Amino acid sequence: MRAIRRFIVQPVLPEPLKPLGELATNLRWSWNLDTRDLFADIDPALWDEVGHDPFKLLARVPSDRLDILAQDKRFVRRLELTVADLDEYMTGDLWFQDWAKEHPEAPSAIGYFSAEFGITKVLPQYSGGLGILAGDHLKAASDNGVPIIGVGLFYRHGYFRQSLNAQGWQQERYPVLDANEMPVRPLRDGEDPLLISVNIFGNEVKAQIWVVQVGRVPLLMLDTDIDANPGHLRGTTDQLYGGDQDHRLAQEVLLGVGGVRALREFCRVTGRPAPDVYHANEGHAGFLGLERIREYMAAGDSFDTALERTRAGNVFTTHTPVPAGIDRFGLDRVREQFNGFGDLPIDRVLDLGRETYDGGDPGVYNMAVLGFRAGQRANGVSQLHGEVSREMFRGLWPGFATAEVPIGSVTNGVHHRTWIHPELLRLMQPRVGESGPQIHDGCDWSALDRVDDQTLWSAKRHMRTAMIEMARTRLEASCRSRGLSSDWVSDALDPNVLTFGFARRGASYKRLTLMLTDPERLKRLLNDPATPIQIVIAGKAHPADDIGKGLIQQMVQFADQEDVRGKIVFLPDYDISLARPLYPGCDVWMNNPLRPLEACGTSGMKAALNGAANLSVRDGWWDEWYDPRFGWEIPSAEGITDSGARNAQEAEFLYDIIETEIIPKFYTRDAHGLPTGWLRMMRDTIQILGPKVLASRMVNDYVEELYTPAAVSSRKVQGEAAVELAGWKRRVREAWPQVEVRRVESGITGRVAVGAEIVVAAWVDLDGLSADDVEVQLVMGPVDADDWMHDLQNHSMTLDGVNERGISHFSVSIPAKDPGSWGWTVRAVPRNELLAGDVEMGLAAVAPGE
Ligand SMILES: *Cc1c(COP(=O)(O)O)cnc(C)c1O
């Protein structure tokens, strides 16, 4: 019979064991080995049974076992030490505290908004890379003491769980998550859970706020599945990336608008300072900008002033160059939703998100555009993605060169304590009392120099073995659910064989099936008696993506064939619990996206931290840090426009590299049976590449390059400054169409000797603006055959005087430095110290051509 309601009977911990409760509810356990070991020792069999979930373990451990442990002095002592360690971690000075001593302008707090967070498998609130990245961001912020508060939604069904039918077609399940069985607590005001409410399409939708402790970082998750909501509204937070456009819009309104309200309540109840920086991790959270404007307007600001205050503190990170990956809503739906939202004029709300630029659709509300317009600072997630994004969104800053578009980049990173295999992590433990620059983020990055080849190779073999055990368990279950025989599974995969991994969401640009281009050639590689390879594959396709599901099916049907079965395997239900043992178990991590569509990619980083070589198209992060010491580049055949031909060419490169380079390197052994060349690559990858790919590096970059400048800007526009800035912008916008560089004068002739002075003067009509409102610049750069300048340099020109007709005269003199063909022009741009840069307003008056 089916229950109509459920409840949890909670165990009562004996007094000496009470602190276990604190350890279980702080997710730091998920990346702290000592805490995990402590929980495992409570009841090793049960620990495995509950899938290494401390909260579930404590709920189920028999009370006589608890009594025994409470009497066990050594256990209680260990518990005390572990709790003392957590207390120190929670309150001690970490990287940020030291940094802030030298940078008093550092932010007081940062609100970090994301539609998904992947922290541990016990909180399945993510679909893939974006969520894992957000989780790693919070963990690294915690480790570094960065005062972040996470804001997200609590999805009753999380993301779907994947299984396969007999034909290899993806099946989706949506199990119900019960918050009572999870390490979350409701935010309360006194006795009662606190509720916030947001008007969504005319309905007051209420949400309660679950607080999750991620080390030092609180994460707030909004949940609408509560009695206070009528049935049809309770489902607002039913599942991640499910439902139609309206449902998606409703979720994003809740995340952005409701998220700010939740943050306010949290800060009020806990007495924390309000954030001065608001970070939208991808466009889903963009509506937070509208709520912040509403707040300022409610306090008396005009729309323009409120916008300036909001922009100063908002940071936006764009995560994809794939147009379909960017949320775009019908303008009418957004109008209906935000008509009457506080005092915000609806046309201004719409203008913030409309694609009013060349190539855009002004009938569409684009969440990335909103992110750029509602924030002063924005970035992509690798250098290459920064470049691609500048090209993609250049229309928002007309009048400027692509390279000047104010979208920077912070390359993603991964949280090493989550992703490095425990055995390897222990080898990298700093020695007692040792210090030096090689020791940072809790690891000694030169420690492997003290580890001999034999030990390192045997660690890798253990890692492969552990992965294979995990894989066999999953294959066994998968065969059972598909109704297939599993007699082959106990021999599937071999811990001595060169192992390739390929796991990622089933988005088509990632080209899961590229390796199947020449099936016979792949089979020969898998079946070579002397130097075989094996491949482990995983990935979910979005439930609405039949093309992605088709690719998975093609892969599964290939792997089902008897002559390759157990040598190439597809593991269903890719998630953190699959991923953690998978990366360490691989020797080569394979990645073949259509360049440049992979914004960053992080799975290759997690593999690298475990000594796996990368075999990847130079896209995302691999374009930046590729080095033959860390793996191989699959040449990208971007020049070939026919996609079939391009795929065929890139597949051929892939097979060639595997055959001629990877296999020989792995199977060439010394007298002791060790692959010395391969071990060298493992060492270099971990020691040299490892420290670059860390989430701690990423978070510090955000603090230094984005959060702190945003906090500074935020403070600068307090009080009247924002009013003045808004007024100044209006004045500049009105005058700008008449601002004109009338004439330029220069003594530069065809040839100029290095060291000679270049003198340029310009007559500029400022149309009533003052010389303090603009900067007139000499822009120079090497030119190509079409007179396009590259690597622009700006030289600011000084005002010499104003003639009787009110035209200003500017000039500059600089020495000619580098030989070559140079070009130059003169332009005027708005200048104000409250702007993040000269490009911010997208306005430039450029000298007319000859
Ligand atoms: C790392 C990770 C991803 C993202 O990998 P990409 O390389 O960015 O595609 C997706 N899912 C899980 C479970 C992961 O651990």
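Note that the structure is predicted; figures quoted are calculated from it, not measured. (Residues numbered from 1 in each chain as written. Predicted model: local features only at pLDDT ≥ 70, side-chain atom pairs only at ≥ 80, totals over all residues. Heavy atoms only, no water.)

## Some words on the domain arrangement of the protein chain
- One can read the domain layout of the protein chain as domain 1 (15-91), domain 2 (95-413 + 702-716), domain 3 (421-693) and domain 4 (735-846).
- Opposite the four residues of domain 1 that make contact, domain 3 presents four residues.
- When domain 1 packs against domain 3, the two sides together hide about 300 Å² of surface, and 50% of this comes from carbon and sulfur.
- Summed over the shared surface of domain 1 and domain 3, the number is one salt bridge.
- Close ionic contact of Arg426 with Asp37 constitutes a salt bridge, the shortest N to O distance being 3.3 Å.
- The tally of links between domain 1 and domain 3 comes to two residue pairs in polar contact (both at pLDDT 80 or more).
- Of the residues belonging to the side of domain 1 that touches domain 3, the class tally is one nonpolar, one polar and two charged. (Domains from an automatic or database assignment. Contact = heavy atoms within 4.5 Å. Buried area = accessible area lost by both parts, 1.4 Å probe. Salt bridge = Lys/Arg side-chain N within 4 Å of Asp/Glu carboxyl O. Polar contact = N/O pair within 3.5 Å; in protein donor to acceptor, adjacent residues only side chain to side chain. Nonpolar A, V, L, I, M, F, W, Y, C, P; charged D, E, K, R; others polar.)

## Things to note about the sheet that holds strand 33 (residues 822-830)
- Read from one edge to the other, the open sheet built from four strands follows the order 30-29-33-34, with strand pairing classed as antiparallel. Here the strands that pair on one side only, and so sit at the sheet edges, are strand 30 (793-796) and strand 34 (845-846). (Pairing = 2+ DSSP bridges. Helix = DSSP H or I, 4+ residues; strand = E, 2+ residues; numbered from the N terminus.)

## As for the nonpolar core
- Counting 100 residues, the largest nonpolar core has Met515, Ile568 and Leu615 as the members making the most contacts within it.
- Built from parts of two domains, this core gets at least three residues from each of domain 2 (95-413 + 702-716) and domain 3 (421-693).
- Aside from chain neighbours lying at most four places away, what touches Met515 is Phe502, Leu522, Ile535, Ile537, Met555, Ile568, Met590, Leu654 and Tyr655.
- Core analysis: the second largest hydrophobic core is formed by 75 residues, Ile293, Phe316, Leu344 and Leu370 among them. (Core = buried A, V, L, I, M, F, W, Y, C linked by side-chain atoms within 4.5 Å. Buried < 20%, exposed > 50% of the residue type's maximum accessible area, 1.4 Å probe, protein only.)

## Concerning the sheet that holds strand 32 (residues 808-815)
- Pairing is antiparallel across the open sheet formed by four strands, whose spatial order is 27-28-32-31. Either end of the sheet is taken by a strand with one partner, and the two such strands are strand 27 (740-746) and strand 31 (798-802). Along the sheet, successive strands turn relative to each other by an average axial angle of 25 degrees, direction set aside. (Axes fitted to C-alpha atoms, helices over the stretch in contact; angles between N-to-C directions.)

## Looking at the side chain of Asn314
- As for its position among the elements, Asn314 is in strand 14 (residues 314-317).
- With a relative accessible area of 6%, Asn314 lands in the buried category.

## Thoughts on the side chain of Thr318
- Relative to the assigned elements, Thr318 resides in the loop between strand 14 and strand 15 (328-330).
- Ignoring any residue separated from it by four or fewer positions in sequence, one finds Thr318 in contact with Glu282, Phe372, Asn379, Gly380, Val381, His385, Ser389 and Phe393.

## What to know about the site of the ligand
- Around the ligand, 15 residues are found, and the nearest of them are Lys510, Tyr574, Thr602, Ser603 and Lys606.
- Contact distances for the ligand include 3.2 Å between an oxygen atom and a side-chain N or O atom of Tyr583.
- At a separation of 3.1 Å, an oxygen atom of the ligand approaches a polar backbone atom of Thr602.
- Among the secondary structure elements, those contributing two or more residues to the shell around the ligand are helix 8 (129-143), helix 22 (576-582) and helix 23 (603-609). (Near = heavy atom within 4 Å.)

## Considerations on the packing of helix 19 (residues 453-482) against helix 26 (residues 676-689)
- Relative to each other, helix 19 and helix 26 sit at 80 degrees, their axes nearing to 11 Å. Relative to helix 26, helix 19 is oriented roughly perpendicular. For the pair helix 19 and helix 26, contact is made by Asp453, Leu456, Trp457 and Lys460 and by Thr676, Trp678, Leu679, Met682 and Arg683, respectively.
- Residue composition of the contact of helix 19 with helix 26, grouped by class: five nonpolar, one polar and three charged. (Parallel < 35°, antiparallel > 145°, perpendicular 65-115°, else oblique.)

## Observations concerning the pairing of strand 12 (residues 217-223)
- Among the seven residues that make up strand 12, seven are buried, leaving the element largely enclosed by the rest of the structure.
- Here strand 12 shows no split at all, with Val217, Leu219, Met221 and Asp223 on one side and Pro218, Leu220 and Leu222 on the other all buried.
- Where strand 4 (residues 148-153) and strand 12 come together, four bridges link them in parallel fashion. By the bridge assignment for strand 12, Gly150 is matched with Leu219.
- Where strand 11 (residues 203-214) folds back onto strand 12 in an antiparallel hairpin, the turn is made up of two residues, including Gly215, whose phi is positive at roughly 65 degrees.

## Things to note about the environment of Leu187
- With respect to the helices and strands, the residue Leu187 is situated in the loop between strand 7 (185-186) and strand 8 (188-189).
- Sequence separation between Leu187 and Arg373 is 186 residues, and the spatial gap between their C-alpha atoms is 32 Å.
- Those residues in contact with Leu187 that sit more than four places away from it in its chain are Asp192, Pro193, Leu194, Ile209, Val211, Glu265, Phe266 and Val269.

## Some remarks on the pattern of salt bridges
- For the structure shown, the criterion picks out 63 salt bridges.
- Residue Asp98 is joined to Lys101 by a salt bridge in which the shortest nitrogen-to-oxygen separation is 3.5 Å. With a gap of three residues between them, Asp98 and Lys101 both fall in helix 7 (residues 95-102), about one helical turn apart.
- With a shortest N-O distance of 2.7 Å, Asp573 and Arg161 are connected by a salt bridge.

## Quick word on the UniProt feature "domain: DUF3417" (unreviewed entry) in the protein chain
- Here, the residues flagged by UniProt with the feature "domain: DUF3417" (unreviewed entry) are residues 13-123.
- When the span residues 13-123 is considered, its composition is 59% helix and 5% strand, and the gap between its end C-alpha atoms is 23 Å. (UniProt positions renumbered as here; feature names shortened; annotations may be inferred.)

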